[in-house]
Amino acid sequence: LSRRQRQMCIRDSNKTSIILKITIAILFITSLVIECSCERSDEPKKESTGFITYTLRWDSVIPGFPAPEKLRYCIYPSEGGPMIQTDGDANSMMLFLPPATYKILVFNYDAKNIDFRNMSRFDEAEAYILQTKATGQASQGITPLYGFVVDSLEITPGQDKSGTLVLTPLVRHVTFTVQVDKPEEIKTCKGSLSGVYTSLNLSKRKVVTEASTNVEFDMETSDKGVNGDLIILGTALPKEEEQKPVTNQVTIDFTLSDGSMVSATADLEDKLNEIDTPHVNVTINATVEKSPKFTIRLTNWEVGPGEETTIE
């Protein structure tokens, strides 16, 4: 062979050797990838979250009032970390949470004249009356406040479970029935209730007794006297020696048939807080006197569990 031919053969041999080496390397890498893939497929997949579904029951809805439509879940990791907030409807809720132990506040945020504060802290979260709405509040059309507290919920990896929440009232429906001996003398009437607590601790489900306000409400005349009702924050207070609840006074402003205006007040003491139901009725007897001008005297009153209806 000529020198040139020998050089060409050497170059072709080198190319063949390089191609062979590259092919062997590709086959080796491919076998490793296939082997690693097979090994990973034999291992169970590790889930990083837990899944829980809540079904909501409304066994304790106050009759005569709109049912809640908008619910809020405030979720607090027990070992610290920021609060997680999510909203849902009034039927069910699905939660995806990292493994941990949580505390949860559940409440409706469409309650009229109610707002919320301190929500980043489970123990201090409160519902409170908007001060601009504290006067002139009437129960008609109001969606009451309901709530539920989950003190401890443990989420494990891959958890899939369901639960049921029964939300109960965090307010009280107070009705006033005033029986007047001469109802024909009453033209119009309005009422107000003092000692109404302005805020409620959501985790403890108790009113905060440091602050109270005066709430006005409308009253309607009837063939027996006048009737009225309103919604106030809170449930029945527990008996505690160190805690003296604010007393309640109801003031009724009458406009009489001759155009004169007369006010009468009844001291209910702490009787409203002793009734362990969401419905409280206050029955008052009143006497109309004219000597020489009209006066109204409240002769007696009684506080007791009320009927589960709204006064029409």
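Remember, predicted model here, so these are calculated numbers, not experimental data.

Trainee: Which parts of the structure should I look at to understand the overall build of the protein?
Mentor: Across its full length, the protein holds 1 helix and 20 strands. Here the protein holds 312 residues, and the buried ones make up 40% of them. A separation of at least 24 residues holds for 72% of the contacts in the protein among residues at least 6 apart in sequence.

Trainee: Where do I start with the confidence of the model for the protein in this structure?
Mentor: Overall, the predicted model of the protein reaches an average pLDDT of 81, with 77% of residues at or above 70. Taken element by element, the protein is modelled with least confidence in helix 1 (residues 3-41), mean pLDDT 49, and with most confidence in strand 2 (residues 71-77), mean pLDDT 96. Across residues 32-46, confidence stays below pLDDT 50; counting only partners more than four residues off in sequence or on other chains, it has 0 contacts. For residues 132-137, every residue scores under 50 in pLDDT, and the model assigns this stretch 14 contacts once sequence neighbours within four places are set aside.

Trainee: Which parts of the structure should I look at to understand the sheet that holds strand 2?
Mentor: In a beta sheet, neighbouring strands pair by backbone hydrogen bonds and run either parallel or antiparallel. Spatial ordering of the open sheet is given by 3-2-5-8-10, a layout of 5 strands whose pairing is antiparallel. The open sheet is flanked by strand 3 (84-88) and strand 10 (168-169), the only strands paired with a single partner. The pairing of strand 2 with strand 5 (residues 100-108) spans 7 bridges and is antiparallel. In the strand pairing of strand 5, Tyr-73 is matched with Val-106.

Trainee: Would you mind showing me how to read the pattern of salt bridges here?
Mentor: Side-chain pairs of opposite charge can arise whenever the charged atoms involved come near each other. All told, the structure shown has 6 salt bridges when counted by the stated rule. Where Glu-289 meets Arg-297, a salt bridge forms, and the shortest distance between an N and an O atom there is 3.4 Å. Overall, the relative accessible area of 46% leaves Arg-297 in the partly exposed class.

Trainee: Help me understand the packing of aromatic side chains, please; the structure alone is not making it clear to me.
Mentor: In this description, a pair of aromatic rings is defined by centroid distance and the angle of the planes. Under the definition given, this model contains 5 aromatic pairs. When the centroid spacing of 4.8 Å and the interplanar angle of 35° are considered together, the rings of Phe-51 and Phe-96 count as tilted. Of the two residues, Phe-51 is situated in strand 1 (residues 50-57) and Phe-96 in strand 4 (residues 92-97); the sequence distance between them amounts to 45 residues. Judged by its relative accessible area of 57%, Phe-96 falls in the exposed class. For the cation-ring pair, Arg-72 lies above Tyr-109, with the distance from its terminal atom to the ring centre recorded as 4.1 Å. Over the face of the ring belonging to Tyr-128 we find Arg-117, whose NZ or CZ atom lies 4.2 Å from the ring centre.

About the thresholds
Residues numbered from 1 in each chain as written. Predicted model: local features only at pLDDT ≥ 70, side-chain atom pairs only at ≥ 80, totals over all residues. Heavy atoms only, no water. Helix = DSSP H or I, 4+ residues; strand = E, 2+ residues; numbered from the N terminus. Buried < 20%, exposed > 50% of the residue type's maximum accessible area, 1.4 Å probe, protein only. Contact = heavy atoms within 4.5 Å. pLDDT = per-residue confidence, 0-100. Pairing = 2+ DSSP bridges. Salt bridge = Lys/Arg side-chain N within 4 Å of Asp/Glu carboxyl O. Phe/Tyr/Trp six-rings, centres within 6.5 Å; stacked < 30°, edge-to-face > 60°. Lys NZ or Arg CZ within 6 Å of the ring centre and 35° of its normal.

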